[in-house]
Amino acid sequence: MNRAQRLAQDAAEAAEVRAYQTDPDVVALRIERVRRQVDWMCWIGIVLGLAFTMTNVQGFASARTRPGSLSWLAAWVLDPTVSLVLLAILRAEQVTARYQVRTGPWVRRAKWFTLAATYAMNTWTSFAAGEPAAIVLHSVPPLVVFVAVEAITDLRDKLTDAVLVAAERRPVHEEPVNAGRRVLFGDYLAIARESWTPDVEISPAWVRRATGCSRGLSPRLARALRAEVANG
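Residues numbered from 1 in each chain as written. Predicted model: local features only at pLDDT ≥ 70, side-chain atom pairs only at ≥ 80, totals over all residues. Heavy atoms only, no water.

The protein chain goes by DUF2637 domain-containing protein in an unreviewed UniProt entry, where it is assigned to Amycolatopsis carbonis.

This is how it looks when you write it as structure tokens:
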């Protein structure tokens, strides 16, 4: 095999590897792995931050009570009560962000309220004592938790966008429209547009049935068709 043949073979192998590396399913799998890593790291940081605030909140709630008394023991319940509500909201947002479903305003208000309550109870004693070092020390964990819970939702949403963008980077080819031509996004959208009637709810499942497109492409097609219908 001469040098030109070796180069041609290397180019063919490289093209085949790249085709698999850029395949939407492979890209989606890689993004899912990154999503799991991001989730775990953020969750660990959030739980550790909330655990740090627990003793400070207990000290705030049990001020002027006798250690071991009923009031002193009940003070330990306050921080977990707030933290569990916050964690429940975050867990729900983990699912809704995956499918890019927007939550209502009360969800965001509840999240901010629980974070504000945790911060206030965690730093009140330090502010009252006028101790800057203690204020900084007790402010950092709640603020890190606040920033993390806002960032993690946006990160999940963008990771989902990354999967959809990967699916758009190459022509889809489930069914040929004409001989020698592959089906493009606009072709599927035209088929869905012709199939839709006012009594039909536009969903990814309906788009797949009507056009025969892939599962990864159907959410984007559904959004595009809904936007067209909404704009008249």
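Now that the structure is up, let's keep going.
**A few points about the UniProt feature "transmembrane region" (unreviewed entry) in the protein chain**
The residues that UniProt annotates with the feature "transmembrane region" (unreviewed entry) are residues 40-61 and 73-92. In residues 40-61, helix accounts for 100% and strand for 0%; the two terminal C-alpha atoms are 31 Å from one another. Regarding residues 73-92, the helix share stands at 100% and the strand share at 0%, and the terminal C-alpha atoms are separated by 30 Å. (UniProt positions renumbered as here; feature names shortened; annotations may be inferred. Helix = DSSP H or I, 4+ residues; strand = E, 2+ residues; numbered from the N terminus.)

**Re unusual backbone geometry**
Within the chain, Arg64 stands out as a residue other than glycine whose phi angle is a positive 60°. The residue Arg64 is located in the loop between helix H2 (24-61) and helix H3 (70-98) in this model. Under the relative-accessibility criterion, Arg64 is labelled exposed at 84%. (Buried < 20%, exposed > 50% of the residue type's maximum accessible area, 1.4 Å probe, protein only.)

**Observations concerning the environment of Arg208**
Along the chain, Arg208 falls in helix H7 (residues 204-211). In this structure the C-alpha to C-alpha distance between Arg208 and Pro219, which are 11 residues apart in sequence, comes to 9.2 Å. If near-sequence neighbours (up to four positions away) are discounted, Arg208 is found in contact with Cys213, Ser214, Arg215 and Ser218. (Contact = heavy atoms within 4.5 Å.)

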